[in-house]
Amino acid sequence: MKIIGTGSAHPTCAVTNQMLEQFLDTSDEWITERTGIKERCVISSEKLEDMAVIAANQALENAGLTAADIDFIICSNVVNEYVTPALSCIIQGKIGATCPTVDINAACAGFIFAMDMAEDKLKCKKAKNILIVCAEEPSRMVSWQNRSTCVLFGDGAGAAVVTEGDELKAIRLTTSSLTEVLYYQRSLEPTPYISKEENFEPLVMKGREVFKHAVTNSCRDIRKLLNETGLDANDIKYYVLHQANRRIIDSIRNFLGVDEEKVPHNVERYGNISSAALPALLDELNRGGKLKKGDKLVFSAFGAGFTTGACVIEWAKE
Ligand code: ACO
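Residues numbered from 1 in each chain as written. Predicted model: local features only at pLDDT ≥ 70, side-chain atom pairs only at ≥ 80, totals over all residues. Heavy atoms only, no water.

## A closer look at the overall build of the chain
This is how the line gets drawn: Labels follow the DSSP assignment, with helices taken as runs of H or I lasting at least four residues and strands as runs of E lasting at least two, numbered in each case from the N terminus. The globule rule used for comparison is 2.2 Å times the number of residues to the exponent 0.38, while the radius of gyration itself is calculated over C-alpha atoms. Burial classification: accessible surface area is computed with a 1.4 Å probe over protein chains only, and a residue below 20% of its type maximum counts as buried, one above 50% as exposed, and the rest as partly exposed. Contacts: residue pairs with any heavy atoms within 4.5 Å of one another. Residue exposure ignores everything except the shown protein chains as possible cover, and the areas themselves are Shrake-Rupley values with a 1.4 Å probe. Positive charge is attributed to Lys and Arg, negative charge to Asp and Glu, and no charge count is given to His or to the chain ends. One atom stands in for each charge, and that atom is NZ of Lys, CZ of Arg, CG of Asp or CD of Glu.
Helix and strand content of the chain: 10 helices and 13 strands. Relative to a compact globule of 318 residues, whose C-alpha radius of gyration would be 20 Å, the chain shows 19 Å and is just as compact. Seen through its principal axes, the chain has C-alpha atoms that stretch 50 × 45 × 35 Å. Looking at the chain residue by residue over its 318 residues, the buried ones come to 56%. Partitioning the contacts of the chain with sequence separation of at least 6, the portion at a separation of at least 24 is 76%. On the chain, roughly 13,900 Å² of surface is accessible, and the fraction owed to carbon and sulfur atoms is 48%. Across the chain, 35 positive and 43 negative side-chain charges occur, with their mean positions spaced 4 Å apart.

## Quick word on the domain arrangement of the chain
Selection rule: Start and end points for every domain follow an automatic or database-based domain assignment. Here the quantity called buried area is the accessible surface, traced with a 1.4 Å probe, that two parts lose on coming together, added over both. Salt bridge, as used here, is a side-chain nitrogen of Lys or Arg placed within 4 Å of a carboxyl oxygen of Asp or Glu. Here a polar contact is recorded for every N or O atom pair within 3.5 Å, except that within protein the pair must consist of a potential hydrogen donor and a potential acceptor, and residues adjacent in sequence are included only if both atoms are side-chain atoms. Residues are sorted three ways: Asp, Glu, Lys and Arg are charged, Ala, Val, Leu, Ile, Met, Phe, Trp, Tyr, Cys and Pro are nonpolar, and all the rest, Gly among them, are polar.
According to the domain assignment, the chain consists of domain 1 (2-166) and domain 2 (170-314). Centre-to-centre separation of domain 1 and domain 2, based on C-alpha positions: 14 Å. Counting the surface lost from both domain 1 and domain 2, the interface buries some 3,600 Å², and carbon and sulfur atoms represent 65% of this. The interface formed by domain 1 and domain 2 includes 0 salt bridges. Here domain 1 is connected to domain 2 by 20 residue pairs in polar contact (both at pLDDT 80 or more). The set of elements that each furnish at least two residues to the side of domain 1 that touches domain 2 consists of β1 (2-9), α2 (28-35), β3 (39-42), α3 (48-63), α5 (110-123), β6 (129-136), α6 (147-150) and β7 (156-163). In terms of residue count, α5 provides more of the side of domain 1 that touches domain 2 than any other element does, 6 residues in total. Across the side of domain 1 that touches domain 2, the residue classes break down as 22 nonpolar, 17 polar and 9 charged.

## What to know about the site of the ligand
Selection criterion: A single heavy atom is enough: if one lies within 4 Å of a molecule or strand, its residue is considered near that molecule or strand.
Around the ligand lies a shell of 21 residues, among which Thr26, Arg34, Cys108, Asn245 and Asn272 are the nearest. Arg147 places a polar side-chain atom, nitrogen or oxygen, 2.9 Å from an oxygen atom of the ligand. Between Arg208 and the ligand, the recorded distance is 3.0 Å, taken from a side-chain N or O atom to an oxygen atom. In isolation the ligand exposes 1,000 Å². Once the protein is present, 75% of that is buried. Elements that contribute at least two residues to the shell around the ligand include exactly α2, α6 and α7 (207-229). Here the element with the most residues in the shell around the ligand is α7; it accounts for 4 residues.

Shown next, in the form of structure tokens:
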């Protein structure tokens, strides 16, 4: 596959650390030092599907394609206001596509899981152009009374159009069932037959454990991919990493021994927007003219599950 277009969209309501200080026992200093986050954009009046559609249309335009050219849509999403229909069905209708669609939930690693699925579809010639849209609203999963979690997240969407090509050089996915370190249990409708006790809780996260898994697993994935492709860490133009926390990003960079300018970040402006973080950052690099044809990029992300995904791609656009 190769990536031929990118797009992104963020909500208009930017919540600064100072705004959080007004209703939480927290401080700009604590949040900045522990996470690097200064503000996050959270959904207020807009709908997640609208941001997904903006990101998708931008990616199509950037690819020089229309919705009619798309053969398959993969939407990565953990939560939105509908359990069914899938968000990808809503996006399909709103952009005017007619192809089949599917939603996946690989948490924050969703973009790379979607790339892997797209690569398989392209390889077996079941599709020529695939739209990947990652749209997430983790601000609706956390308790806004819990300072340990709500300060970390923002909402948004990122999208990419991929087509046939030889630019995906290596990809690696992992799932380890570590469900207790990060989860969100949603309420279901009662039935006359349910007598067991059920817990419905906002997002629960064991921060330190997540931190450790994130750094260890991402470093392992990236090293394996560099080995597999015969590339040196410094051959990579940019490491486009999941934007969860500046300290996690810096730890991965230090372990890899690469310079700061190779590891772009925007977590300070958007917080953690789950699987949308990686394509949204990629879109920023693309639109900022930072990517040249032939550049080697590493993508790496981790999330609840515990899932990880990483890949090496060559940038295909002029
Ligand atoms: N403001 C002020 N104090 C706070 C806040 C806050 N927002 N949040 C927690 N604290 C307090 C705690 O209550 C605790 O106080 P105590 O010592 O009196 O009990 C103290 O700060 C230390 O808490 P820790 O949780 O131990 O702090 P830590 O240094 O581990 O930092 C953090 C917490 C930032 C969550 C860190 O563990 C982390 O970054 N983990 C990874 C989180 C992450 O990236 N998650 C998402 C990845 S997966 C995905 O994207 C879905």
